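Residue strings, one per chain:
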Amino acid sequence: MNQFFESVTSFFSGGDQLPCVNAVGVCLLSSLSEPVYQFTISVLFFQGCEKEVAETANGASDEAKGESIMRLSWALVHSRQPEDVNRGIAMLEASLANTNSPLQKREKIYLLAVGYYRNSDFSRSRMLLEQCLEIAPDWRQALTLKKAIEDRITKDGVIGMGISATAVGLIAGGIAATLMRRR
C-alpha cells in the first residue's frame, strides 16, 4: 500500500528534476527520478562565468570565447530564475549559428532543450532533442530528458482530463439538481 501512495506522490510531485542552480548557489544533480548528490556552487560561479565571457570578448581565441559562453549558458539554463533561463536560451541561440562542430552543436541544442524544458515549452524542447538524437542517437542525457518530457506531457494530460471530468460532473450535477428542484 505504501508503494502505491509513494508512486502517486511521485507522479504528482514531479520527480523529474534536472540539475539546477538557484539564487543562493545550490546545485542539485539528479537522475531525473531521485537525487544523486548535492553540492554548493558559489554565487561567484555566475559572476566568474560572466567575467570570463567579458574577458574573452577582448581578443581571445574563438575556442576560448565559445567555451566561456558554454559555461555561462549551462549555469543560466540550469537556474531556477526564469530570467536567467531566458538569458541562457538567448545566448545559446545566438551562438548556435557560429557552431561548426557536430559535438558542440549537439551540446548547445541539448542546453537549449533544457532551457525550454525549464520554461515548460515541452514541444520545443522535444523538437530540439530530436535534433540532438539525429546527431547522436544513443546519447543518454538526451534520451533521459526526452523521456522526462514525454512523462510530463502524459502527466499534464492526465491532470487535464481529471479536471475536465470533474467540471463535466459538476455541470451535470448542477443541471440534475436544477431539474429536481423544478419537479
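About the thresholds
Numbers given for residues are sequential positions, taken from 1 along each chain in its written order. Selection of residues for local features in this predicted model requires a pLDDT of at least 70, selection of side-chain atom pairs for listing and counting requires 80 or more, and totals for whole chains, interfaces and linings are taken over all residues. Excluded from the side-chain calculation are hydrogens and water; included are all heavy atoms of the structure. Criterion for a salt bridge: a side-chain nitrogen of Lys or Arg within 4 Å of a carboxyl oxygen of Asp or Glu. Each residue is placed in one exposure class: buried if its accessible area under a 1.4 Å probe, protein chains only, is under 20% of its type's maximum, exposed if it is over 50%, and partly exposed if it falls in between. Axis geometry follows a simple rule: fit a line to the C-alpha atoms, using only the stretch in contact for helices, then measure angles between N-to-C directions, giving values from 0 to 180 degrees. Helix and strand assignments follow DSSP, with helices taken as H or I runs no shorter than four residues and strands as E runs no shorter than two, numbered in order from the N terminus. Handedness of a crossing follows from how the near helix is turned relative to the far one, being left-handed for an anticlockwise turn of less than a right angle and right-handed for a clockwise one. We call two residues contacting when some pair of their heavy atoms lies within 4.5 Å. Just so you know the grouping, Ala, Val, Leu, Ile, Met, Phe, Trp, Tyr, Cys and Pro go in nonpolar, Asp, Glu, Lys and Arg go in charged, and all remaining residues, Gly too, go in polar. pLDDT runs from 0 to 100 and stands for how confident the predictor is about each residue. What makes a patch is a set of residues exposed beyond 30% relative accessible area and free of salt bridges, joined within 9 Å when like-charged and within 5 Å when nonpolar (Val, Leu, Ile, Met, Phe, Trp, Tyr). Every accessible area reported is derived by Shrake-Rupley at a probe size of 1.4 Å, with residue values counting cover from the shown protein chains alone. Helix span is expected to be 1.5 Å times the residue number reduced by one. This arc corresponds to the set of directions leading from the helix axis out to the C-beta atoms.

Visitor: A description of the pattern of salt bridges should follow, citing residues and the corresponding values.
Guide: On inspection of all chains with the given rule, the structure shows six salt bridges. Arg 106 is paired through a salt bridge with Glu 107; the nearest N and O atoms lie 2.9 Å apart. On the basis of relative accessibility, which here comes to 14%, the residue Arg 106 falls in the buried class.

Visitor: Summarise the packing of helix 3 (residues 62-77) against helix 4 (residues 82-96); cite the residues concerned and give the values.
Guide: The contact between helix 3 and helix 4 brings their axes to 7 Å, and the two run at 145°. Crossing hand, helix 3 versus helix 4: left-handed. Residues Ile 69, Met 70, Leu 72, Ser 73, Leu 76 and Val 77 of helix 3 form the contact with helix 4, whose own contacting residues are Asp 84, Val 85, Arg 87, Gly 88, Ile 89, Met 91, Leu 92 and Ser 95. Its residues placed into classes, the contact of helix 3 with helix 4 shows nine nonpolar, three polar and two charged.

Visitor: Break down the confidence of the model for the protein for me, with residues and values.
Guide: Mean pLDDT over the protein stands at 74; residues scoring 70 or higher make up 70%. Every residue in residues 1-16 scores below 50 in pLDDT, and together they form 13 contacts with partners more than four places removed in sequence or on other chains. Note that pLDDT drops below 50 for residues 22-42; the model gives that stretch 47 contacts with residues more than four away or on any other chain.

Visitor: A description of a nonpolar patch on the surface should follow, citing residues and the corresponding values.
Guide: A cluster of nonpolar side chains, Ile 171, Ile 175 and Leu 179, forms an exposed patch at the surface whose accessible area comes to about 300 Å². The topology assignment puts Ile 175 in helix 7 (residues 140-182).

Visitor: Give me the lowdown on the environment of Asp 62, citing residues and values where you can.
Guide: Topologically, Asp 62 is positioned in helix 3. Note on Asp 62: relative accessible area 65%, which makes it exposed. In this structure, the C-alpha to C-alpha distance between Asp 62 and Asn 98, residues 36 residues apart in sequence, is 9.9 Å.

Visitor: Tell me about helix 4, and please be specific about residues and values.
Guide: Between the first and last C-alpha of helix 4 there are 21 Å, a value that for 15 residues agrees with the 21 Å anticipated at 1.5 Å per step. Burial in helix 4 covers these residues: Asp 84, Val 85, Gly 88, Ile 89, Met 91, Leu 92 and Ser 95. Angularly, the buried residues of helix 4 cover 165° about the axis, an arc narrow enough to put them on a single face. Every exposed residue of helix 4 that faces more than 90 degrees away from the buried side is listed here: Glu 83 and Ala 94. Looking at the packing, one finds that the buried side of helix 4 touches helix 3 and helix 5 (102-118).

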